[in-house]
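Read off the chains here:
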Amino acid sequence: MSDYPAVRTLMGPGPSDIHPRVLQALARPTIGHLDPQFVALMDKVKVLLRYAFKTENPLTMAVSAPGSAGMETCFTNLMEPGDKVLVCINGVFGKRMLENVTRLGGIPVVLEFPWGEAVDPAKVEQALKADSEIAIVAFVHAETSTGVCSDPKPIADLARQHDCLTIVDTVTGLGGIELDVDGWGLDAVYSGSQKCLSCVPGLSPVTFNDRAIAKIKARTHPVPSWFLDLTLVMDYWLDSEGTGGKRAYHHTAPVNSIYALHESLVMLKNEGLENSWQRHAAMHQKLAQGLEALGLELIVDSSIRLPQLNLVKIPEGIDDAAFRKQLLEKYNLEIGAGLGAFAGKAWRIGLMGYAAREENIQLCLGAIKETLA
Ligand code: PLP
């Protein structure tokens with residue numbers, strides 16, 4: 001028996017199924033991370049990431065670590081001890097933002113929303129009006145723990161009116177739902193490679209605009225993490241576009257993962273960003289109809305649902321863990337467990353990137369139907 005696990009179909013909260021072309025790119029021979037040909041590939045990745053994020057920000061790149069490192073990059077660089085940060089929490093990942101703020105010596109102002117609901121801009125406005133010292137507004141665009149989409153534009157508008165920067169988590173959003181970093185005026189944004197980009201886990205695309213960079217340059221304390229210090233990382237990722245970087249050694253880049261990211265971004269570009277968003281929406285409709293036909297209920301209101309993450313109520317009398325185990329063992333199909341307020345009460349069915357296709361939906365609906373019977 002092989003030491004390696006079986007081939008699964010990944011329809012949980014991520015990682016998602018990886019396209020064979022991306023896996024092939026990953027398997028290419030490694031070259032030096034300062035080899036001019038690799039440097040040229042990094043330049044292409046930056047351009048493709050700008051396309052995916054809809055931004056012209058020169059400081060757009062992939063942090064060599066998972067989405068959590070993208071999050072820490074934003075907080076570590078943009079926030080200084082004593083800064084007040086409005087943290088909007090409507091699920092697990094907003095809570096993680098709060099952890100970052102407190103661990104880095106920031107002063108959190110917490111705005112909590114019920115799990116399964118979106119961040120309410122009216123409450124954000126109230127909070128900003130009540131405290132003029134708030135310097136940063138942090139929120140999650142696509143909350144993977146609940147399958148809820150919050151609308152970034154009105155929140156970013158309010159932040160700007162109140163002279164605050166925004167830090168936005170779109171780990172699950174990028175490539176799957178509308179995102180317009182420049183059009184919406186988002187200042188610091190992080191994502192992940194393993195969700196709707198259908199790439200290998202372990203990279204975190206990030207982008208920072210001029211306002212964010214100005215805040216970093218004006219810091220009075222050094223960035224507390226050497227690895228995540230953007231002023232150093234920039235020297236590795238930026239240069240040929242006249243952004244002042246030296247293309248100097250900072251850390252050994254995960255060369256093969258960058259090959260994979262490049263391939264997944266090329267595929268996104270070829271499909272077209274808007275087409276990818278539409279495919280996710282269309283596949284979500286199909287899945288939702290099929291689930292409802294099986295008598296299953298989607299928990300999140302359709303107006304704020306993420307197409308790529310479906311929160312499904314577990315029917316009465318079903319043993320959650322045993323059900324998911326059977327899907328995994330009999331059908332090699334992974335769906336996600338509920339988290340936090342939804343633990344044991346809901347499943348999370350992902351339709352992310354390469355997983356958002358007809359065959360997967362048929363497999364998933366068929367497996368659920370047989371297992372429920
Ligand atoms: N933010 C959100 C919304 C996520 O869904 C995740 C991962 O699931 C993360 C952050 C953390 O990303 P990673 O697990 O790649 O560190």
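The model shown is predicted, which means the values in this text are computed figures rather than measured ones.

Quick look at the site of the ligand
Now for step 1: Of all residues adjacent to the ligand, which total 13 residues, the nearest are Pro66, Gly67, Ser68, Thr144 and Val171.
Now for step 2: For the shell around the ligand, the residue count by class is six nonpolar, six polar and one charged.

A short note on helix α3 (residues 67-78)
Every α-helix winds through 3.6 residues per turn, so residues three or four apart in the chain are directed the same way.
Now for step 1: The end-to-end C-alpha distance of α3, which contains twelve residues, comes to 17 Å, matching closely the 16 Å that a straight helix rising 1.5 Å per residue would cover.
Now for step 2: For α3, a buried count of eleven out of twelve residues is recorded, marking the element as mostly surrounded by other parts of the structure.
Now for step 3: Considered for burial, the residues of α3 that qualify are Gly67, Ala69, Gly70, Met71, Glu72, Thr73, Cys74, Phe75, Thr76, Asn77 and Leu78.

What to know about the nonpolar core
Now for step 1: Ranked by internal contacts, the top residues of the largest apolar core, which has 112 residues, are Leu86, Ile136 and Ala138.
Now for step 2: Apart from the residues lying within four places of it in its own chain, the contact partners of Ala138 are Val85, Leu86, Val87, Cys88, Met97 and Ile167.

Here's the deal with the sheet that holds strand β4 (residues 107-112)
Now for step 1: Read across the open sheet, the seven strands follow the order β2-β10-β9-β8-β5-β3-β4; overall the sheet is mixed. What marks the edges here is a single partner per strand, and that holds for β2 (59-63) and β4. Adjacent strand axes in the sheet meet at a mean angle of 15°, parallel and antiparallel pairs treated alike.

Quick look at the UniProt feature "modified residue: N6-(pyridoxal phosphate)lysine" (unreviewed entry) in the protein
Now for step 1: If you check UniProt for "modified residue: N6-(pyridoxal phosphate)lysine" (unreviewed entry), the listed places come out as Lys195 in our numbering.
Now for step 2: Sequence-distant contacts of Lys195, that is, excluding residues within four places in its chain, are made with Gly14, Ser16, Val171, Thr172, Gly176, Met352 and Gly353.

With respect to the sheet that holds strand β1 (residues 9-11)
Now for step 1: The strand order across the open sheet built from four strands is β1-β12-β13-β11, with neighbouring strands paired in mixed fashion. Edge strands, defined here as strands with exactly one partner in the open sheet, are β1 and β11 (309-313). Across this sheet, the average inter-strand angle for adjacent strands is 35°, counted without regard to direction.
Now for step 2: Pairing of strand β12 (residues 333-337) with strand β13 (residues 346-350), which is carried by two bridges, proceeds in the antiparallel orientation. Its bridge partner lying in β13, Ala337 is registered against Trp347.
Now for step 3: Of the strands in this sheet, β1, β12 and β13 touch helix α13 (residues 358-372), which is tilted by about 80° from β1.

Structural notes on the environment of Asp3
Now for step 1: Within the element layout of this structure, Asp3 appears in the segment before β1.
Now for step 2: Overall, Asp3 belongs to the exposed group, with 4 C-beta atoms counted inside 10 Å.
Now for step 3: In this structure the C-alpha to C-alpha distance between Asp3 and Ile216, which are 213 residues apart in sequence, comes to 46 Å.

Here's the deal with the packing of helix α5 (residues 121-130) against helix α6 (residues 152-161)
Now for step 1: Where α5 contacts α6, the axes come no closer than 9 Å and their chain directions differ by 10°. As far as their axial angle goes, α6 and α5 are roughly parallel. For α5 against α6, the interelement crossing comes out right-handed. Here α5 contributes Pro121, Val124, Glu125 and Leu128 to the contact with α6, which in turn contributes Pro154, Ile155 and Leu158.
Now for step 2: When the residues that make up the contact of α5 with α6 are grouped by side-chain class, the tally is six nonpolar, no polar and one charged.

About the criteria used
Residues numbered from 1 in each chain as written. Predicted model: local features only at pLDDT ≥ 70, side-chain atom pairs only at ≥ 80, totals over all residues. Near = placed C-beta within 6 Å. Nonpolar A, V, L, I, M, F, W, Y, C, P; charged D, E, K, R; others polar. Helix = DSSP H or I, 4+ residues; strand = E, 2+ residues; numbered from the N terminus. Expected span 1.5 Å × (residues − 1). Buried ≥ 20, exposed ≤ 12 C-beta atoms within 10 Å, placed from the backbone. Core = buried A, V, L, I, M, F, W, Y, C linked by C-beta atoms within 7 Å. Contact = placed C-beta atoms within 7 Å. Pairing = 2+ DSSP bridges. Axes fitted to C-alpha atoms, helices over the stretch in contact; angles between N-to-C directions. UniProt positions renumbered as here; feature names shortened; annotations may be inferred. Parallel < 35°, antiparallel > 145°, perpendicular 65-115°, else oblique. Left-handed = near helix turned anticlockwise from the far one by under 90°.

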